[in-house]
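Each chain is listed here by its residues.
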Protein chains: 4
Amino acid sequence: MSVIETFVQTRRQTVSITAPLSLEDYCVQSREEVSPPKWHLGHTTWFFEQLLLSRNADYKFFSTDFHRVFNSYYKSLGQHWLQAERGQLSRPLLREVIMFRDHVDSAILKFFSRGASEEEKSILVLGCQHEQQHQELLYMDIKNILFNQYTPSAYLYPSHSGISTRVKPRFIAFAPHLVDIGHDGQGFAYDNEGPRHRFYIRPFRLRNTLVTNGEYLHFMESGGYDHSEFWFSDAWDWLRSEKISQPMYWIQRGGQWFEYDLRGLQPLDLEEPVRHVSFYEAAAFARFSGKRLPTEFEWEFADKQRHPDLKQMHYVLWQWTSSPYVAYPGHKWKSGPLGEYNSKFMVNQLVLRGSSLWTPQGHSRSTYRNFFSPDKRWAFTGIRLAEDLDEN
Amino acid sequence: MSVIETFVQTRRQTVSITAPLSLEDYCVQSREEVSPPKWHLGHTTWFFEQLLLSRNADYKFFSTDFHRVFNSYYKSLGQHWLQAERGQLSRPLLREVIMFRDHVDSAILKFFSRGASEEEKSILVLGCQHEQQHQELLYMDIKNILFNQYTPSAYLYPSHSGISTRVKPRFIAFAPHLVDIGHDGQGFAYDNEGPRHRFYIRPFRLRNTLVTNGEYLHFMESGGYDHSEFWFSDAWDWLRSEKISQPMYWIQRGGQWFEYDLRGLQPLDLEEPVRHVSFYEAAAFARFSGKRLPTEFEWEFADKQRHPDLKQMHYVLWQWTSSPYVAYPGHKWKSGPLGEYNSKFMVNQLVLRGSSLWTPQGHSRSTYRNFFSPDKRWAFTGIRLAEDLDEN
Amino acid sequence: MSVIETFVQTRRQTVSITAPLSLEDYCVQSREEVSPPKWHLGHTTWFFEQLLLSRNADYKFFSTDFHRVFNSYYKSLGQHWLQAERGQLSRPLLREVIMFRDHVDSAILKFFSRGASEEEKSILVLGCQHEQQHQELLYMDIKNILFNQYTPSAYLYPSHSGISTRVKPRFIAFAPHLVDIGHDGQGFAYDNEGPRHRFYIRPFRLRNTLVTNGEYLHFMESGGYDHSEFWFSDAWDWLRSEKISQPMYWIQRGGQWFEYDLRGLQPLDLEEPVRHVSFYEAAAFARFSGKRLPTEFEWEFADKQRHPDLKQMHYVLWQWTSSPYVAYPGHKWKSGPLGEYNSKFMVNQLVLRGSSLWTPQGHSRSTYRNFFSPDKRWAFTGIRLAEDLDEN
Amino acid sequence: MSVIETFVQTRRQTVSITAPLSLEDYCVQSREEVSPPKWHLGHTTWFFEQLLLSRNADYKFFSTDFHRVFNSYYKSLGQHWLQAERGQLSRPLLREVIMFRDHVDSAILKFFSRGASEEEKSILVLGCQHEQQHQELLYMDIKNILFNQYTPSAYLYPSHSGISTRVKPRFIAFAPHLVDIGHDGQGFAYDNEGPRHRFYIRPFRLRNTLVTNGEYLHFMESGGYDHSEFWFSDAWDWLRSEKISQPMYWIQRGGQWFEYDLRGLQPLDLEEPVRHVSFYEAAAFARFSGKRLPTEFEWEFADKQRHPDLKQMHYVLWQWTSSPYVAYPGHKWKSGPLGEYNSKFMVNQLVLRGSSLWTPQGHSRSTYRNFFSPDKRWAFTGIRLAEDLDEN
């Protein structure tokens, strides 16, 4: 598929994700970290306008007022609207945002019809990748918005795809290796996936499958949320102040557990992988189980091995690792907006690996580094366990 | 007009206020004290359902889920959705709320077509009065919502009605009087307007007109917001923490002052009465001017005199008084939801008298007691000055 | 007693109140509204220095650094240290504060030995009255500090003086009267006790005694803190956010109720008047009892009647009234620091009348207006009930 | 020195650090993360009582009330007093804490005079190491307390020891190495210094000296605090909300810069290493300089090389590294209080290496891992720069 074909398809796909929503759903913000769907439609468009079209002196901006409202946090691109206050924006109206999208789409097609430099093409690719990230964010945010109504509401979602495996859990051993970590330069990758560098992996074992709802329920029923010894100090404070005692979308009604997914409330399926847990919860569960979370390097190494018994690595749930999100050795912090894409977040966050059922096809790879604060759990997160093996 | 005719007309009027809005505007909440217009449409409907229709065992509720979502704060009527989180409610959709309104309107008409008791009629009247209050709240909230967009937006508002008077400001003297304060029982009044009771009014003088933008600008330019001696202690703290230095909808651009009204940004008209000031600002302005605010009793007494030179008492702006909002002597706090209408707010608020350009016709009278916290200023508030006269 | 004798005695009395404390107790701050005892010693001294000694060009300040640290909130007297951060001041040391007191005492004696104007004498009187207010504040703050230790600690307090009356509770009727409210100018009074003005008192009945611990316990055991219908809206929010379910110094141990007083924990005496309740609690108790709180005018009128059956009006507990703290008609807000003494607090507070066991002798009178925010309860507060009588 | 001699000397040293303080200084808390010196005296004593003496059934606790008040955060050892409220504890009095210290010291000597197991000896060593950590915390906290007075106050500190070097700054190259990271088991080490493990170090260069005040001032004067491009996203938010624009103890007076140290305010010495900067500031300075911070592994490797030109590695200032504080591979999280010593903090913090002028002798080693949140700067922190070298 050509770059432009990818562009056209990506832009269409974003709109189609929001299509099942009612107009009201486009405007609201259910938590500080959630953005209204309308805002995502505008922001992904703004990205192309700012990074690509603005290079052309002839380009006519759809509206200079949009520069501020659809800038997420790029200080190098001027002021931006406060994230926590996106939910008060009834304006621009949805139809204006759609017109904005059309305006930019046409301009991009015209821009590239005249031929484009390699750098311009690479920015177009980045814009598409950026928009794909927002496609998953849209699912995350829509889920949170529809759940936080007076009654959890359904999104028109195709019938359930079944991500549980009936495979018996076991740990797969990996021998020590000196491996190359990071992207090899073939195809698109974000700058945080490199530089590729050598890393020594100690012997370890990795669970073939993700932790299930049934296993997690056992942790809960064993008092997991009441015993401080399983929790980091910050995690325990978070638990108490936020009054957390279960994964994000679990609800107990009449003694029975239900889980909200985009189809609505469902009886909890004990075989499905547990999801919407924070790093704090994942780490506590691991400690309760006498195991640990894998490092991001172990995960990447194991994934590249393509061990046939290793299940649910991609397109099921993002998997918390024990690795803080920091730069790889030799990482250069780019100047300008591209430096604000990944580098400025390299503190206070943890790496997740893999991808989720809601990740766009083609957006998952062994080297991909997703990241969130340790208390966040509205992403499609899950738990995979690891443990040490003796080195000899 | 019969009670039922009033009902029908009131219900239509509410919808017509929201008609110029785009669907997006119905859903958002720009400040904690502002409610989304959609919520007002539902809440005023819920009021009739709860206080009137629910008395009929045969009545079929439109949706029991709505009980919680459209209850504002009536603890005696079950749980209620948190006020600060009304802006996250994309559901119920506007069309569902409209259906809810139709459902309740039909039920009310049917209910009263069979004849109704005096008590039921009086509750219907209360419901209409309640909805009229929300009509003004709708204007207040719409103004705040449309202002707090990425750019202040216009509401389709009829051409300006001109509330400035070109009358020269002067103070009108009132001799001492032993007067009856409170409502005389003719026609509708809220329970907080009684019991009627005798009160001794000392001699005083009252300004014929409201304070103008020009006068207020002079206060600002004289350093009014920088000198603590004009301000109550709590007011000064509020000023500093909220970074307040001008009325709510004033904006300075290129050295010129503009004021947002529902038509959009307008050059500041120095002859118009200043509006959207808090009690704290009104009191500071009065002290700066060497005057004071009137008591609510002085205001009521003066209004009942119908002095021909006394201008702008009704249907211009609500006027802050120096009177804390407390019960009149002999006031009975009703039990149940009616007791929650006014009585439970009788602490920490100040009384405003008069009415505003946005107050529904027929909803203004000499004895009407509006009330807000001293820091609130999204209501249509203004300033009228008073001063003491020697008693002899 | 001459003014100077009063001065000397007042200054000694303040130090003697703090004498039983350990040096550590002088420095800590247990709540934002509580000040370290050391700070009171300095602040009352600063008051004389600023308002009196600084008029003398020859006066040598003990330390200009103290101007900021011992200014409470007088904006007209320069910057002041943040109230919430008084507890971090280990410096000046206690011995330096004592030296500061000695320095100022000597200077005052010298100042007045040369003869003084009437105005200077009246400021000296005000300074003494001010210091007497801080004597009671010292008891309030010491009580709060010693209670909020790892275990409630005792202050060396003389044997209990017995403020319970064994008198049977009853309501005393008062006929309607047109009365003069406010101070008559004989002897010292604060500016908020005037101007004296005529006020019409409707017929009412007033309880002869204060509400007892036993009565209040009955309110608690009847679910008083669990039923919103007794509470103002703001009160209910306060209750829930602060998790309040009993008076301030009550503790339940092993099913038994104890009350902390300055002697330490004591078994709750059901005959004693309930104390350390907020206005919110007093008003809720009154509503639960089918009564109301008196207005400050009713209280003053009844007190001036000197009805022999009316008990516990003075030197027992401050009594919450239903009257918001506002200026009397004709009140002039003084400019400079004297205007900051009382006037700038005339919003958001309620009036208490009477005095407490910890009020200095001579500091109680019928017209005295104490005031606190409706949620405060570390003062020595109590409840007296009233009710309406038919006017005929 | 025998274990017991170390114990006796450590206990004496702690008291001698606090000796220059006035009694008032022992009780106050200037920030949430600062503890009153009195509390440190009690807490370090409690540690020996809980972890050692309580094993002996015959031991008589000095006061069971102290268990709660001197527990810092050990959930496995019962309840603990809230850290933010340590400053309200006037009780226990200092003399009671000293008696507590004497009581425990005697009991320990008696305990060990009878002979002790290896495990008991190792806990005694841990207790001494723990107390040495609190000796440095005492300096940190005393500095913060004395600075945050109405005027920065002096602590009786010996004449300045001169930590500036007049060495010209340069970068020292280190070739790539596969090295062993972590403690080798000879002598005392904390559990977070192991397990020792192999790590590949890429070629890099490390600055011979710490960044100076002069260099940091240049960063400030070049607008370092005003340009977002040097800062992590979280750092920028911190900067703005805390209004940070200089290192913690810098003050500008009359156009001149001063720095508070324990002797009082000093003119800023441009040759001295900059101190009391947060990780956020250290990282921003590094990015401004076109360099980076070293990893903790680079630092440890370089330190073990004992390169003669490498200055100021120990006993000058703790040096921020770019390494998040996480467990080394194979780390076992101990159960009980020992697991709460280090392991439960292994998230959201950054590693510092080296030691400071205020670190007790013998408490510095190549493998020592200190850690703080990225916004903290009341520790004796400094900046050492690093940069990449090409791998070939």
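Residues numbered from 1 in each chain as written. Chains lettered and ligands numbered in written order. Predicted model: local features only at pLDDT ≥ 70, side-chain atom pairs only at ≥ 80, totals over all residues. Heavy atoms only, no water.

Before going further, it helps to examine the packing of aromatic side chains. This structure, assessed with the given rule, holds 198 aromatic pairs over all chains. Between B:Trp238 and B:Tyr280, the aromatic rings sit 5.6 Å apart at their centres with planes inclined by 50°, giving tilted as the arrangement. Of this pair, B:Trp238 sits in helix H7 (residues 233–242) while B:Tyr280 sits in helix H8 (residues 279–288), and the two are 42 residues apart along the sequence. The burial state of B:Trp238 is the same as that of B:Tyr280; both residues are buried. Each ring, one from D:Tyr216 and one from D:Phe285, has its centre 5.7 Å from the other, and the planes form 25°; the classification is stacked. (Phe/Tyr/Trp six-rings, centres within 6.5 Å; stacked < 30°, edge-to-face > 60°. Helix = DSSP H or I, 4+ residues; strand = E, 2+ residues; numbered from the N terminus. Buried < 20%, exposed > 50% of the residue type's maximum accessible area, 1.4 Å probe, protein only.)

Right, let's talk about the relation of the copies chain C and chain D for a bit. Between chain C and chain D, the superposition needs a rotation of 180° and an axial shift of 0.0 Å, giving an RMSD of 0.0 Å. Such values leave the two copies arranged in the relation of a two-fold axis. Distance from the rotation axis, computed per C-alpha, reaches its smallest value in chain C at C:Glu24: 3.1 Å. The overlap is high: 100% of the interface residues of chain C also sit at the interface in chain D, so the same surface is used on both sides. (Least-squares fit on C-alpha atoms with pLDDT ≥ 70 in both. Contact = heavy atoms within 4.5 Å.)

Within the structure shown, the criterion is met by 108 salt bridges over all chains. A salt bridge links C:Arg91 to D:Asp25; its shortest N-O distance comes to 2.7 Å. One end of the pair, C:Arg91, is in the loop between helix H3 (66–69) and helix H4 (94–113); the other, D:Asp25, is in the loop between helix H1 (3–18) and helix H2 (37–51), on a second chain. With a relative accessible area of 15%, C:Arg91 lands in the buried category. Take D:Asp25: its relative accessible area is 1%, and that puts it in the buried class. Between D:Arg369 and D:Glu296 there is a salt bridge, with its nearest N and O atoms 2.9 Å apart. Taken together, the positions of D:Arg369 in the loop between strand S9 (350–354) and strand S10 (370–372) and D:Glu296 in helix H9 (residues 296–305) put the pair 73 residues apart, joining distant regions of the chain. Connected via shared salt-bridge partners are A:Glu296, A:Glu300, A:Lys304, A:Arg353 and A:Arg369. (Salt bridge = Lys/Arg side-chain N within 4 Å of Asp/Glu carboxyl O.)

The next subject is the packing of H1(D) against helix H4 (residues 94–113) of chain D. Residues and elements named next belong to chain D. Where H1 meets H4, the closest approach of the two axes is 11 Å, and the angle between their N-to-C directions is 175°. As the angle between them shows, H1 and H4 are arranged roughly antiparallel. Along its contact with H1, which presents Ile-4, Phe-7, Val-8, Arg-11, Thr-14 and Val-15, the element H4 presents Arg-101, Asp-105, Ile-108, Leu-109 and Phe-112. Here the contact of H1 with H4 is built from residues that sort into 7 nonpolar, 1 polar and 3 charged. (Axes fitted to C-alpha atoms, helices over the stretch in contact; angles between N-to-C directions. Parallel < 35°, antiparallel > 145°, perpendicular 65-115°, else oblique. Nonpolar A, V, L, I, M, F, W, Y, C, P; charged D, E, K, R; others polar.)

In this assembly, 31 residues from chain B lie in contact with 31 residues from chain A. Together chain B and chain A conceal approximately 2,500 Å² of surface at their shared face, both sides included; 53% is due to carbon and sulfur atoms. For chain B, the biggest contributors to the area lost against chain A are B:Glu24, B:Arg91 and B:Tyr150; these three give 33% of the whole. On the surface where chain B and chain A come into contact, there are 2 salt bridges. Connecting chain B to chain A are 16 residue pairs in polar contact (both at pLDDT 80 or more). Listing elements by their share of the side of chain B that touches chain A, those giving two or more residues are helix H3 (66–69), helix H4 (94–113) and helix H5 (118–147) of chain B. With 3 residues, the top contributor of residues to the side of chain B that touches chain A is H3(B). When the residues that make up the side of chain B that touches chain A are grouped by side-chain class, the tally is 14 nonpolar, 10 polar and 7 charged. (Buried area = accessible area lost by both parts, 1.4 Å probe. Polar contact = N/O pair within 3.5 Å; in protein donor to acceptor, adjacent residues only side chain to side chain.)

Tallying the contact residues gives 31 residues for chain C and 31 residues for chain D. For the pair chain C and chain D, the summed buried surface comes to about 2,500 Å²; carbon and sulfur atoms form 52% of the total. It is C:Glu24, C:Arg91 and C:Tyr150 in chain C that bury the most area against chain D; as a group they hold 33% of the surface buried on that side. Counting the contacts that link chain C with chain D gives 2 salt bridges. The interface formed by chain C and chain D includes 16 residue pairs in polar contact (both at pLDDT 80 or more). Secondary-structure elements contributing two or more residues to the side of chain C that touches chain D are H3, H4 and helix H5 (118–147) of chain C. No other element matches H3(C), which puts 3 residues into the side of chain C that touches chain D.

Another point: the sheet that holds strand S11 (residues 381–382) of chain A. Residue and element names in this part refer to chain A. Ordered by their spatial adjacency, 4 strands build an open sheet running S10-S9-S8-S11, and the pairing between neighbours is mixed. For this open sheet the edge positions go to strand S10 (370–372) and S11, each flanked by a neighbour on one side alone. Inspection of the sheet shows strand S8 (residues 318–324) paired to S11 by 2 bridges, in the parallel sense. Its bridge partner lying in S11, Trp-318 is registered against Thr-381. (Pairing = 2+ DSSP bridges.)

Before going further, it helps to examine the relation of the copies chain B and chain A. For these two chains of identical sequence, chain B goes onto chain A by a turn of 180° and a shift of 0.0 Å along the axis, with RMSD 0.0 Å. By residue overlap, the copies meet face to face through one surface: 100% of the interface positions of chain B are interface positions in chain A.

The next point concerns the sheet that holds strand S11 (residues 381–382) of chain B. Within a sheet, neighbouring strands are paired by backbone hydrogen bonds and run either parallel or antiparallel to one another. In spatial order, the strands read S10-S9-S8-S11 (chain B); together these 4 strands make up an open sheet with mixed pairing. Edge positions in the sheet fall to strand S10 (370–372) and S11 of chain B, since each has one partner strand and no second.

When the parts of a complex come together, some accessible area is lost, and that lost area is often taken as the interface size. Residue and element names in this part refer to chain A. Along its sequence, chain A is organised into domain 1 (3–147) and domain 2 (171–388). Counting from both sides, the interface comprises 27 residues of domain 1 and, opposite them, 30 residues of domain 2. For domain 1, the biggest contributors to the area lost against domain 2 are Glu-136, Lys-143 and Phe-147; these three give 28% of the whole. Connecting domain 1 to domain 2 are 0 salt bridges. On the surface where domain 1 and domain 2 come into contact, there are 15 residue pairs in polar contact (both at pLDDT 80 or more). Contributing elements (two or more residues each) for the side of domain 1 that touches domain 2: helix H2 (37–51) and helix H5 (118–147). Considering each element in turn, the side of domain 1 that touches domain 2 owes the most residues, 17 residues, to H5. Split into classes, the residues belonging to the side of domain 1 that touches domain 2 amount to 14 nonpolar, 7 polar and 6 charged. (Domains from an automatic or database assignment.)

This part is about unusual backbone geometry. A cis amide bond links A:Arg91 with the next residue in sequence, A:Pro92, at an omega value of -5°. Position of A:Pro92 relative to the elements: it lies in the loop between helix H3 (65–69) and helix H4 (94–113). Put simply, A:Gly194 and A:Pro195 share a cis peptide bond, and its omega is 0°. Counting through the fold element by element, A:Pro195 comes out in the loop between strand S2 (177–181) and strand S3 (197–201). In the Ramachandran plot, C:Asn348 falls in the positive-phi region, its phi being about 70° despite a non-glycine side chain. For C:Asn348, a relative accessible area of 21% translates into the label partly exposed.

Okay, the pairing of S9(D) next. A regular strand carries its side chains on alternate faces of the sheet. Residues and elements named next belong to chain D. When you tally the buried positions in S9, you get 5 out of 5 residues, the bulk of the element. Here S9 shows a buried face lined by Leu-350, Leu-352 and Gly-354 and a second buried face lined by Val-351 and Arg-353. The sheet contact formed by S9 and S10 spans 3 bridges and is antiparallel. Looking at the pairing, Leu-352 lines up with Asn-370 of S10.

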